[in-house]
Amino acid sequence: MPEPDFRYWHYELGSGWQVFAGKSSRDNERLSLHFALPGDYWFHAGKHAGSHVILRAPEAGMQPEAGLLQQAAAIAAWHSKGRHEGLCQVDCVLARQVGKTKGSPVGTVSIGKARKLKVRPALPALGQPD
């Protein structure tokens, strides 16, 4: 995979599942609109400023178990202004449902009907980001 032209945190969740989280508004936009594959899952802490997060399968077409969705949502909550809340609501959609409204600020995207996940902000137990 070629090196992307944006900055991100990278987490390995085991069994080849990977999470990517943007580091700035510009990075979020590049991650969401140019790096994400249509079948990736996209996450954002609903009511808070924060990273856009992508969950990528080890192989195209693989579906994540509920626990993987929860882990990715917890990472999105961690990389948001909601980090210090007990529970944080995180939006989850397929990356193909993420788009850009003309004229909207950098890092702002529009999404389709999101699944709402309530999670405790956390990083994966497997270690710190790359």
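These lines cover the structure that appears in this document, whether it is placed above or below. Each chain carries its own residue numbering, running from 1 in the direction its sequence is written. For a predicted model such as this one, the threshold for reporting local features is a pLDDT of at least 70, and the threshold for listing and counting side-chain atom pairs is 80 or more; totals across whole chains, interfaces and linings nevertheless cover every residue. With hydrogens and water set aside, each side-chain value is computed from the structure's full complement of heavy atoms.

Examining helix α2 (residues 66–78)
And step 1. Strands here are runs of E lasting at least two residues and helices are runs of H or I lasting at least four, both read from the DSSP assignment and numbered beginning at the N terminus. Helices are assigned an expected span. That span is 1.5 Å times one less than the residue count. In a regular helix each residue adds 1.5 Å, so 13 residues correspond to 18 Å; α2 covers 18 Å between its end C-alpha atoms and thus fits that length.
And step 2. Partly exposed describes any residue whose relative accessible area lies between the buried limit of under 20% and the exposed limit of over 50%, with all areas from a 1.4 Å probe on protein chains only and scaled to the type maximum. Burial in α2 covers these residues: Leu68, Leu69, Ala72, Ala73, Ala74, Ile75, Ala76 and Ala77.

Re the environment of Val119
And step 1. Here Val119 shows up in strand β8 (residues 115–119).
And step 2. For Val119, a relative accessible area of 5% puts it in the buried group.
And step 3. The sequence separation of Val119 and Ala72 amounts to 47 residues, and the corresponding C-alpha distance is 9.7 Å.
And step 4. In this structure Val119 touches Gln70, Ala73, Ala74, Ala77, Gly86, Leu87, Cys88 and Val90, once residues within four positions along its chain are discounted. The contact rule is simple, with two residues in contact once any of their heavy atoms fall within 4.5 Å.

Description of the pairing of strand β4 (residues 53–56)
And step 1. Side chains of β4 alternate between two faces, with Val53 and Leu55 and Ile54 and Arg56 buried alike.
And step 2. A pair of strands is considered paired only if DSSP assigns at least 2 bridges between the two. Summarising the sheet, strand β2 (residues 17–22) and β4 pair through four bridges and their orientation is antiparallel. Paired with Phe20 across the bridge in β4 is Ile54.
And step 3. The sheet contact formed by strand β3 (residues 41–45) and β4 spans three bridges and is antiparallel. The residue bridging Trp42 from the neighbouring strand is Ile54, located in β4.

Description of the packing of aromatic side chains
And step 1. Here a pair means two rings of Phe, Tyr or Trp (six-membered ring of Trp) with centres within 6.5 Å. Their orientation is stacked below 30 degrees between planes, edge-to-face above 60, and tilted elsewhere. Within this structure, the stated rule accounts for five aromatic pairs.
And step 2. With a centroid separation of 6.3 Å and 20 degrees between ring planes, the pair formed by Tyr8 and Phe35 is classed as stacked. In this pair, Tyr8 sits in strand β1 (residues 8–14) while Phe35 sits in helix α1 (residues 25–35), placing the two residues 27 residues apart along the sequence.
And step 3. Ring pairs connect the aromatic residues Phe6, Tyr8, Phe20 and Phe35, which therefore count as one cluster.
And step 4. Only when the NZ of Lys or the CZ of Arg is both within 6 Å of the ring centre and within 35 degrees of the ring normal is a charge said to sit over the ring. When the ring centre of Phe35 is taken as reference, the NZ or CZ atom of Arg56 above it lies at 4.4 Å.
And step 5. Over the ring of Trp78 we find Arg83, and its NZ or CZ is 4.1 Å from the ring centre.

A few points about the pattern of salt bridges
And step 1. Salt bridge criterion: a side-chain nitrogen from Lys or Arg within 4 Å of a carboxyl oxygen from Asp or Glu. Summed over the entire model, instances satisfying the criterion amount to five salt bridges.
And step 2. The residue Arg56 makes a salt bridge to Asp40 at a minimum N-O spacing of 2.8 Å. On the criterion of sequence distance, the pair formed by Arg56 in strand β4 and Asp40 in the loop between α1 and β3 is long-range, its members being 16 residues apart. Assigned by exposure class, Arg56 and Asp40 land together as buried.
And step 3. If you follow the salt bridges from partner to partner, you end up with Arg7, Arg26 and Asp27 in one network.

What to know about the sheet that holds β4
And step 1. Across the sheet, six strands lie side by side as β1-β2-β4-β3-β5-β8; this open sheet has antiparallel pairing. Looking at the sheet topology across the chains shown, the edges are occupied by β1 and β8. Neighbour-to-neighbour, the strand axes of the sheet open up by a mean angle of 25 degrees, direction not taken into account.
And step 2. Working convention: axes come from line fits to C-alpha atoms, limited for helices to the stretch in contact. Angles between N-to-C directions cover 0 to 180 degrees. Its contacts with the sheet put α2 on β1, β2, β3, β4, β5 (88–94) and β8, and the angle it makes with β8 is roughly 75 degrees.

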